[in-house]
Amino acid sequence: MGIVKIIEIIALVAGVPYMILEVLQKNAMWYFGIFTSTACAIQFGLEHNWANMGLNCYYVIMAFWGLYKWGKDSLLMDAEGASSGKAIHLRHLGLRKGLVSLLLFAAGAAVLFLVLKATGAQNPFFDAFSTALCVVAMFWLAESVPFHWVLWIIGDLVLVHLCYLEHKYLMAVLYAAYVAASSYGLFHWFRSGRYVDD
């Protein structure tokens, strides 16, 4: 068994608690995210899959931002006395953040597609689309915007397909599990969430 396969298995195993903690919106999720994303970045780097390597490096950086933001929102909920029984803090997307996200997605996907195509990437369209979408989804997750779940569902479905095409079957299973978790997460966050930026 090669080093890439070992890293893939480690990422798969660490990805399970990450998914569970994300759905439950527990700050410990970010620590598993740092570990899983670092493993995935190494794996993708060894395979010269630069966009996904960069994406996972971005996830590591956003994990630190998420720890900060979620900690701040948790304190805000505690100060307000979460008497409603709602345990998940939510924030509105807002028109400005939505438009900026759309612009960044479109521009990022287009530029990344051109770069990946010019560098001979295996699947430049799927790689660029999923990378740009997941960048926005991770930002929305760190900001506690509940609609990040919809972006994860779409992005992870694309990544299931991309991993299947590249014969990364364990990673395809991990992303398929992320699709299922995201579907439940969307429901759970709206059912158990409370907006802290009203």
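Residues numbered from 1 in each chain as written. Predicted model: local features only at pLDDT ≥ 70, side-chain atom pairs only at ≥ 80, totals over all residues. Heavy atoms only, no water.

K.L.:
Hey, could you go over the nonpolar core for me, with residue numbers and the actual values?
P.N.:
Among the nonpolar cores identified, the biggest contains 46 residues, and Met-29, Trp-30, Met-138, Leu-141, Trp-152, Tyr-175 and Trp-189 are the most heavily contacted of them. Where this core is concerned, the elements lending two or more residues are α1 (3-23), α2 (29-46), α3 (50-80), β1 (88-90), α4 (95-118), α5 (124-142), α6 (148-165) and α7 (169-192). Contacts of Trp-30, omitting those with residues within four sequence positions, involve Met-62, Ala-63, Gly-66, Leu-67, Trp-70, Met-138, Leu-141 and Ala-142. (Core = buried A, V, L, I, M, F, W, Y, C linked by side-chain atoms within 4.5 Å. Buried < 20%, exposed > 50% of the residue type's maximum accessible area, 1.4 Å probe, protein only. Helix = DSSP H or I, 4+ residues; strand = E, 2+ residues; numbered from the N terminus. Contact = heavy atoms within 4.5 Å.)

K.L.:
Describe in detail the packing of α1 against α2, supporting the description with residues and values.
P.N.:
Contact pair α1 / α2: the axes reach a minimum separation of 8 Å and the direction vectors enclose 155°. In terms of their interaxial angle, α1 and α2 are classed as roughly antiparallel. Here the hand of the crossing between α1 and α2 comes out left-handed. In this structure, α1 uses Ile-3, Val-4, Ile-7, Glu-8, Ile-10, Ala-11, Ala-14, Gly-15, Pro-17, Tyr-18, Leu-21 and Glu-22 to contact α2, whose residues at the interface are Met-29, Phe-32, Gly-33, Phe-35, Thr-36, Ala-39, Cys-40, Ile-42, Gln-43 and Leu-46. For the contact of α1 with α2, a count of residues per class yields 16 nonpolar, four polar and two charged. (Axes fitted to C-alpha atoms, helices over the stretch in contact; angles between N-to-C directions. Parallel < 35°, antiparallel > 145°, perpendicular 65-115°, else oblique. Left-handed = near helix turned anticlockwise from the far one by under 90°. Nonpolar A, V, L, I, M, F, W, Y, C, P; charged D, E, K, R; others polar.)

K.L.:
Report on empty space enclosed by the protein, specifying residues and quantitative values.
P.N.:
What the rule picks out here adds up to one cavity of 30 Å³ or more. Of the volumes computed, that of the largest cavity is approximately 220 Å³. The wall of the largest cavity is formed by 18 residues, among which Tyr-18, Tyr-59, Trp-152, Tyr-175 and Tyr-178 lie closest to the centre. Among the secondary structure elements, those contributing two or more residues to the lining of the largest cavity are α1, α2, α3, α6 and α7. The element contributing the most residues to the lining of the largest cavity is α7, with six residues. Within the lining of the largest cavity, the residues separate by chemical class into 12 nonpolar, four polar and two charged. (1 Å grid on protein atoms, 1.4 Å probe; cavity = no way out; pocket = protein on both sides within 12 Å on 5 of 7 lines; lining within 4 Å. Points joined across faces, edges and corners; volume = space filled by probe spheres on them.)

K.L.:
So what's going on with the state of the cysteines? Residues and values would help.
P.N.:
Scanning all chains against the criterion turns up zero disulfides. With no disulfide of its own, Cys-40 lies closest to Cys-163 among cysteine sulfurs, the gap being 8.7 Å. Judged by relative accessible area, Cys-40 falls into the buried class, the value being 3%. Owing to a relative accessible area of 2%, Cys-163 belongs among the buried residues under this scheme. (Disulfide = S-S within 2.5 Å.)

K.L.:
Explain the environment of Tyr-59 to me, and be specific about the residues and the numbers.
P.N.:
Inspection of the secondary structure assignment puts Tyr-59 in helix α3. Tyr-59 gets classed as buried once you look at its relative accessible area, which sits at 10%. For the pair formed by Tyr-59 and Ala-41, sequence separation is 18 residues and the distance between their alpha carbons is 9.4 Å. The residues contacting Tyr-59, other than those within four sequence positions of it, are Ser-37, Cys-134, Met-138 and Trp-152.

K.L.:
Just give me the short version of the side chain of His-188, but keep the residues and values in it.
P.N.:
Mapped onto the fold, His-188 is located in helix α7. In contact with His-188, not counting residues within four places along its chain, are Val-23, Leu-24, Ile-88 and Gly-193.

K.L.:
Outline α6, supporting the account with residue identities and numerical values.
P.N.:
The terminal C-alpha atoms of α6, which comprises 18 residues, lie 25 Å apart, in line with the 26 Å expected from a rise of 1.5 Å per residue. Taken together, the buried positions of α6 are occupied by His-148, Trp-149, Leu-151, Trp-152, Ile-153, Gly-155, Asp-156, Val-158, Leu-159, Leu-162 and Cys-163. (Expected span 1.5 Å × (residues − 1).)

K.L.:
Which residues make up the packing of α6 against α7, and what values go with them?
P.N.:
Put simply, α6 and α7 touch, their axes get as near as 8 Å, and they point 165° apart. Judged by the inter-axis angle, α6 sits roughly antiparallel to α7. Considering only the axes of α6 and α7, their crossing is left-handed. A breakdown of the residues in the contact of α6 with α7 according to their chemical character gives 19 nonpolar, four polar and one charged.

K.L.:
Give a detailed account of a nonpolar patch on the surface, specifying residues and quantitative values.
P.N.:
A cluster of nonpolar side chains, contributed by Met-1, Ile-3, Ile-6, Ile-9, Ile-10, Val-13, Phe-35, Ile-42 and Leu-46, occupies part of the molecular surface with about 860 Å² of accessible area. Elements represented by at least two residues in the nonpolar patch include exactly α1 and α2. In terms of residue count, α1 provides more of the nonpolar patch than any other element does, five residues in total. Tracing the chain through its elements places Ile-10 in helix α1. Of the residues examined, Ile-10 reaches a relative accessible area of 35% and is grouped as partly exposed. (Patch = residues over 30% accessible without salt bridge, like charges linked within 9 Å, V, L, I, M, F, W, Y side chains within 5 Å. Areas by Shrake-Rupley, 256 points an atom, 1.4 Å probe, with all protein chains shown as cover. Salt bridge = Lys/Arg side-chain N within 4 Å of Asp/Glu carboxyl O.)

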